[in-house]
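Here is how the chains run, residue by residue.
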Amino acid sequence: KLPTGNNDLSICGTLHSVDRYLNIKLTNISVIDPEKYPHMLSVKNCFIQGSVVRYMQLPADEVHKQLLQGAARKEPLQQKR
């Protein structure tokens, strides 16, 4: 679940990628309140600027901790190059 911006739009989807600015790519999205945001019903994938995200909820059992820790260690090394 990902509430964004000032309009309280909440989106559920599959996390595809996140960059160092916390910009997020989601696939297979659905809107929590489709009656309020009918124009979002046809959107399946989206890019969300990190500065508009208030919080993210990730299912704990689906977070691959070793992969996440490894990626966090690699990024600073890649930035130095």
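Residues numbered from 1 in each chain as written. Predicted model: local features only at pLDDT ≥ 70, side-chain atom pairs only at ≥ 80, totals over all residues. Heavy atoms only, no water.

Under an unreviewed UniProt entry, the name given to the protein is Sm domain-containing protein, and the source organism is Pan paniscus. UniProt's Sequence similarities (unreviewed entry) comment on the protein is quoted here verbatim: "Belongs to the snRNP Sm proteins family." Heading Subcellular location (unreviewed entry) of the UniProt record for the protein holds this comment: "Nucleus". (UniProt positions renumbered as here; feature names shortened; annotations may be inferred.)

Quick look at unusual backbone geometry now. A positive phi angle is found at leucine 22, which is not glycine, with a value near 65°. With respect to the helices and strands, leucine 22 occurs in the loop between strand 2 (9-18) and strand 3 (24-31). Looking at leucine 22, the relative accessible area reads 56%, which means it is exposed. Phi is positive for asparagine 28, close to 50°, though the residue is something other than glycine. Looking at where asparagine 28 falls in the secondary structure, it is placed in strand 3. (Helix = DSSP H or I, 4+ residues; strand = E, 2+ residues; numbered from the N terminus. Buried < 20%, exposed > 50% of the residue type's maximum accessible area, 1.4 Å probe, protein only.)

Glancing now at a nonpolar patch on the surface. Together, Leu15, Val18, Leu22, Met56, Leu58, Val63 and Leu68 give the surface a local cluster of nonpolar side chains, amounting to about 600 Å² of exposed area. Classification of valine 18 as partly exposed rests on a relative accessible area of 41%. (Patch = residues over 30% accessible without salt bridge, like charges linked within 9 Å, V, L, I, M, F, W, Y side chains within 5 Å. Areas by Shrake-Rupley, 256 points an atom, 1.4 Å probe, with all protein chains shown as cover. Salt bridge = Lys/Arg side-chain N within 4 Å of Asp/Glu carboxyl O.)

Turning our attention to the pairing of strand 3. As paired strands, strand 2 and strand 3 are joined by six bridges and run antiparallel to one another. Residue pairing for strand 3: valine 18 is matched across the bridge by isoleucine 24. Remark: five residues form the turn of the hairpin made by strand 2 and strand 3, two consecutive strands paired antiparallel; leucine 22 in that turn has positive phi of roughly 65°. Bridge analysis of strand 3 against strand 4 (residues 46-48) gives three bridges, and the strand direction is antiparallel. Looking at the pairing, leucine 26 lines up with cysteine 46 of strand 4. (Pairing = 2+ DSSP bridges.)

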